[in-house]
Amino acid sequence: MTKYIVRRLLGIIPTLLVIITLSFFIVRVAPGGPFDTEKALPEVVKRNIEAKYHLDEPLVMQYGRYMFDVLRGDLGPSFRYKDWDVNFYIFQSLPNSIILGVIAISIAILFGITSGMLAAVKQNTWVDYLSMALAVVGISVPLFVIGPVLQYIFAMQLQWVPTSGWFTAGDSWKTIILPAITLAFADFATIARLTRSSMLDTLRSDYIRTAKAKGMRTSLIIFKHAMKGSMLPVVSYLGPAFAGIITGSVVVETVFRIPGLGKFFVQSSFNRDYTLIVGVVIVYSVILVFMNFIVDIIYSMLDPRITYK
Amino acid sequence: MSKKTTKQFDNMLEVRDLKTHFLTDAGIVKAVDGISFDLKQGETLGIVGESGCGKSVTNLSIMRLIPSPPGKIVGGEIFFEGQDILKLSESELRHIRGNMISMIFQDPMTSLNPFLKISTQMIETICIHQDISKKAALEKSIDMLNLVGIPDAKSRIHNYPHQFSGGMRQRVMIAMALSCEAKILIADEPTTALDVTIQAQILELIQKLSRQLNTSVIIITHDLGVVAGMCDNVCVMYAGKIVEKAKTEDLYAHPAHPYTFGLIQSVPRLDKAKNGRLFSIEGQPPNVIDLPPCCPFHPRCEKAMDVCRTQYPPTKNLGEHHEVSCWLYTDDQERSNG
Amino acid sequence: MKREQKAKATNEFNQVVMGNSLSKDAWRRLRKNKMAVISVVIVAIYMLLAITAPILPIYSYDEIVNEHQNLLPSLTKTSGELMWDKKLSDLYTQAWRQNRLTVTDAENEILEAWVLKGQATKVWDYLLEEGNRQLAEGSFEWSAAEKRTLDNLEKKIASDIQITIQKVWQTNQETGKKINISKMAVKDLVQLYADLLGVPTEPIVTQYTYEITESVSKEIQAEVTDLSKEEYALMAEQRLSDMSGKDYDKLIKANIIAKINSTVKDMALYELKSDASQASTTYPFDKEMSITDTVSASIKAAKMHDRRYYLGTDRLGRDLMSRIIYGSQVSIAIGLIGTFTSVLIGVILGSLAGYIGGKVDYFIMRVVDIMYGLPYMLLVIIAMAIFGRNILNLFFALAIISWLTISRMVRGQIMSLKNQEFIEAARSMGASTGRIIFKHLVPNSLSVIIVFSTLRIPSFIMTESFLSFLGLGVQAPFASWGSLVGDAVGGMTLYPWRLFFPAIVMTIFLFAMNFLGDGLRDAFDPQSKNQL
């Protein structure tokens, strides 16, 4: 097992290298530099700035320097906002995004599994229909529609929660409700559908019939025999779910004006702030890759048939 | 709960006119259409037929394990020790399942839960029906595994199913089924998924243990060889109905129904292998959806008469416990009435 | 003949025995699925609307009418009436603020509460009704200035004309023959324009030379960045001198014709607005007008404020309905073409990996694995932000990242199929690898591919809309569902319809596509019912 974990951890390295390299070069070969403003800078000034950020060196040198810095955990200075490090921005905004993401994914998993299981067990009853209708909404309606609509109904018309703001900035804790629900919706829907279908599949399997033939009660069969097997597809969906949460947070943070990493990301994309873009992508990738790693480990612990060769 | 009724019944199990139908897109599938048979204490009954004739459905119906929807038991009675299983409540039914009647399924590969250790699965079986501690249940499980011939049972019991071979898994299934000393053991094609060499071992094991524990056994199979070696009585099923019912020796000596005759003929025999072709029954068993009233076997029957095409034959008693449903054994009067 | 015989085949039990093809069977099951059938109808309606958008009787999607900004959706009122109502409620609100329009204390309280909650629309609606009532009763009167404003507006609504020039002709004074100006030579065109303006030709030539150089230079700037102004000018000159005389003439012609059109438009407008004409003209009309002695034009004219906006207008006064329909066109097209491209890439790579196996398989699958690990949405966002936000880039960015899943799926299918007997048979008969893959293996995995593609379309549309929502996708004046929703979010308190209509239209389509996909999956593969 330990060997397996170590091997998987080593497997992460090339992926991360590819990500860093790819985003570094995409950004560098792009037309339009960060210092292209409306008014042209005098040549001397431009050269000075480029020298300061080492933009005058050959691309390979820049790449090597950047890689070295990244390995030390230094994502470099921001191109746009003078005197600030990318690290500073990321550490300032990342906690907000993590809080939002963790709450959202918890909501999605908790409600998704519960309603999926209920739907499967009470197949073809109103419980089933209701939770599947909700799931279809979650799958069909993009979150940038769900977000504003929820905002319009619950914040503007009913005034139950604030329209926007963020609790770390001194606003009410209620500010987190709508963003978290919005962000959770799509993953809730997929998890609910996955849970339902894999639960139904499991309930039809031979070993559940065996358990029934033993005279076990239905609730025991579901929790002891069916649960583990039917959770496997759900666990393997968690990787894409994390990716979805990260992508979704970009929109949700924009809609609800949350000072998180996603909002920064969009801004820096518009600003062509090279180092900030690459920095944010690296942080996101590290999170994503490690989440996938953890999901893999959980999966292999759930399924005894997997061997750690 | 764990106290078993000591009252003796002549028949452990009486199935009367059982009908199990499936509602499908194409129509109503009458998988089991009015069958009756008895099972005595200690008796071994074989149910034989081609695949799709309703053998397995019959036995799932006895346990009320028909997946519903689409399946439904639409009629008949199943008496176990005098009480009608079809009228029991869910909790009364649980008391019978696994405890009074237990089952071994066809495919040992999928019938054990791959996510739980063998020990967990065996202990829970015992603990559901008997009021003993987990430790005692573990002891008993190990004993049972030893009984079915699993080497090194004490340590192997903590393994997962995928760490066992097919034959070993079927042994585990048997151990599990017998661990509560059930009165009836239903074995649904217990050897179909196994190698030939293992088949004989498993069957022997079932036979030995059932004698030892005085368990009544129903064996479902399409293999007449299995029946000949093990069963006291045989029911031959065709298209959801029992076409012939007899003592095993009787059936082999004097097969009455043309279908039974064909079945027996088509068993490859070493002593006849050289002088001639293998016998086979021509054609396919019918699709049991919307079957018209006729003898379902008539298209494949060499002795078919006009009446076979319009009317299902009545059941005739040909002597001691030998019943057959075929127009051949009726007189002209009956045929013209039909 | 043979088919009939087949259909009638029965067995000995009088049961009909009929071989059904997989697709026929699937079609039968699909038709039984009510939701799927409804979805097919809905999708068909959408497609029809999107395709026929240019010939539908709707306003242009990019025509900006400044006075029509943020008009309410209305089935009965014209834009003039809506403008009138808007102005009235503005003035009433002002009057209420100045305590000239008096309401009871209780009403005041409610109104103040609405103001505090930011629900301005409710205040406006209420005051409009109340003001009109009081005006009728005589308990409220307009001030002189207000009256003047309203009169002006009334006049404006009544007189504003919108005209479109369809064709312009020059009449030859000697022969009396009419020539369409688009068929005239450059020299004649310049002369005509000079005559229209009553100026010599030289300044016109200088003007258009400058304008053309400028526009070419702009084109270059869009292609190459990071150059100085002098360099741009140099490149533009180079490009112009490289151009053939014919191409250059084309540029001049386009420039001059646009100018003539706009001049003719101004002159026609002036003509129509003159008092003499105003009384005798009925709108809308579509007729030929003579502009000067030699120039005449075919003109379409309508009262500007007679327009009706059934779904309201957006923040620039563009018709929302038309924008939604054209937006559907863009969104659906991206969904379809994107899916097609990604499925094509995925099927080719997946089947190669699955069939050839070995190193090819290893390589392709490693690439897929690594790309799966990437936060690809973020890369797309970067790519869109950097390489320019046009539809082509969007297609490209989406297509490269979305073939992963389908290639994995096809690979799995092919691997399970390739060892079956019919493939062995084909191979033994000497069929080539390409033939085996595309004639035997791919068609046999077609049902999986179809189902996947159907479910892929909505997710493609969602991704595109997601980017457009962030402002990284489709750029103005084009619209897509995402950009419409994105534009609307800012003003949703005051103008909620701008959010709701595109959102509803988009949601219905995505619903339909998802139901259709589910239905197809159940139809093709009834075993996997309820699977994702």
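Residues numbered from 1 in each chain as written. Chains lettered and ligands numbered in written order. Predicted model: local features only at pLDDT ≥ 70, side-chain atom pairs only at ≥ 80, totals over all residues. Heavy atoms only, no water.

Please provide a residue-by-residue account of the pairing of strand β1 (residues 11-23) of chain B, values included.
Residue and element names in this part refer to chain B. Judged from the 9 bridges that link them, β1 and strand β2 (residues 28-40) form a sheet pairing that is antiparallel. Bridging from a neighbouring strand, N11 pairs with K40 of β2. Bridge count for β1 against strand β4 (residues 71-80) is 8 bridges, and the pairing is antiparallel. In the strand pairing of β4, T20 is matched with I73. (Pairing = 2+ DSSP bridges. Helix = DSSP H or I, 4+ residues; strand = E, 2+ residues; numbered from the N terminus.)

Residues and numbers for the pattern of salt bridges, please.
Tallied over the entire structure, the rule returns 31 salt bridges over all chains. For K224 of chain A, the salt bridge is made with E124 of chain B, and the minimal N-O distance between the two is 2.9 Å. One end of the pair, K224 of chain A, is in helix α9 (residues 218-255); the other, E124 of chain B, is in helix α4 (residues 118-129), on a second chain. K224 of chain A sits in the partly exposed class, given a relative accessible area of 29%. We note a salt bridge from E211 of chain C to K259 of chain C, for which the minimum N-O separation is 3.1 Å. With E211 of chain C in helix α9 (residues 201-223) and K259 of chain C in helix α11 (residues 245-273), the pair connects residues that are 48 residues apart, well separated along the chain. What makes E211 of chain C partly exposed here is its relative accessible area of 26%. Judged by its relative accessible area of 16%, K259 of chain C is buried. Overlapping salt bridges bring together R193 of chain A together with D518, R521 and D522 of chain C as one network. (Salt bridge = Lys/Arg side-chain N within 4 Å of Asp/Glu carboxyl O. Buried < 20%, exposed > 50% of the residue type's maximum accessible area, 1.4 Å probe, protein only.)

Which residues make up the domain arrangement of chain A, and what are the values?
Residue and element names in this part refer to chain A. The assigned domain composition of chain A is domain 1 (2-71) and domain 2 (87-302). Taking only C-alpha atoms, the centre of domain 1 and the centre of domain 2 are 32 Å apart. At the interface, 20 residues of domain 1 touch 17 residues of domain 2. Roughly 1600 Å² is buried in total at the junction of domain 1 and domain 2, and carbon and sulfur atoms are behind 75% of that figure. Across the domain 1-domain 2 interface, the total number found is 0 residue pairs in polar contact (both at pLDDT 80 or more). (Domains from an automatic or database assignment. Contact = heavy atoms within 4.5 Å. Buried area = accessible area lost by both parts, 1.4 Å probe. Polar contact = N/O pair within 3.5 Å; in protein donor to acceptor, adjacent residues only side chain to side chain.)

If you had to explain the interface of chain A and chain C to someone new, which residues and values would you point to?
Many descriptions give the size of an interface as the accessible area lost when the pieces come together. Listed as interface residues are 54 residues of chain A and, on the opposing side, 45 residues of chain C. By the criterion of area lost to chain C, the three top residues of chain A are F144, Y152 and F270 of chain A, representing 14% of everything that side buries. Run the count over chain A and chain C and you get 1 salt bridge. One salt bridge connects D518 of chain C with R193 of chain A, and the closest N-O pair in it is separated by 3.2 Å. Where chain A touches chain C, the interface holds 2 residue pairs in polar contact (both at pLDDT 80 or more). Those elements giving two or more residues to the side of chain A that touches chain C turn out to be α1 (2-29), α5 (126-140), α6 (143-157), α7 (177-203), α9, α10 (261-271) and α11 (274-302) of chain A. Its residues assigned to classes, the side of chain A that touches chain C shows 33 nonpolar, 15 polar and 6 charged. (Nonpolar A, V, L, I, M, F, W, Y, C, P; charged D, E, K, R; others polar.)

Summarise the sheet that holds strand β7 (residues 184-188) of chain B; cite the residues concerned and give the values.
Residue and element names in this part refer to chain B. Strand order in this open sheet of 8 strands is β6-β7-β8-β3-β9-β10-β12-β11, and the pairing throughout is mixed. Lying at the two open borders of the sheet, with one neighbouring strand each, are β6 (101-104) and β11 (315-317). Each strand axis lies, on average, 20 degrees off the axis of its neighbour in the sheet, ignoring direction. Relative to strand β8 (residues 216-221), β7 runs parallel, the two sharing 5 bridges. Its bridge partner being in β8, I184 is matched across the sheet by S216. On the sheet, helix α1 (residues 55-62) packs against β3 (44-48), β6, β7, β8 and β9 (233-238) and is oriented at approximately 145 degrees with respect to β8. Where helix α11 (residues 258-265) meets the sheet, it contacts β3, β9 and β10 (241-247), and its direction lies at approximately 105 degrees from that of β9. (Axes fitted to C-alpha atoms, helices over the stretch in contact; angles between N-to-C directions.)

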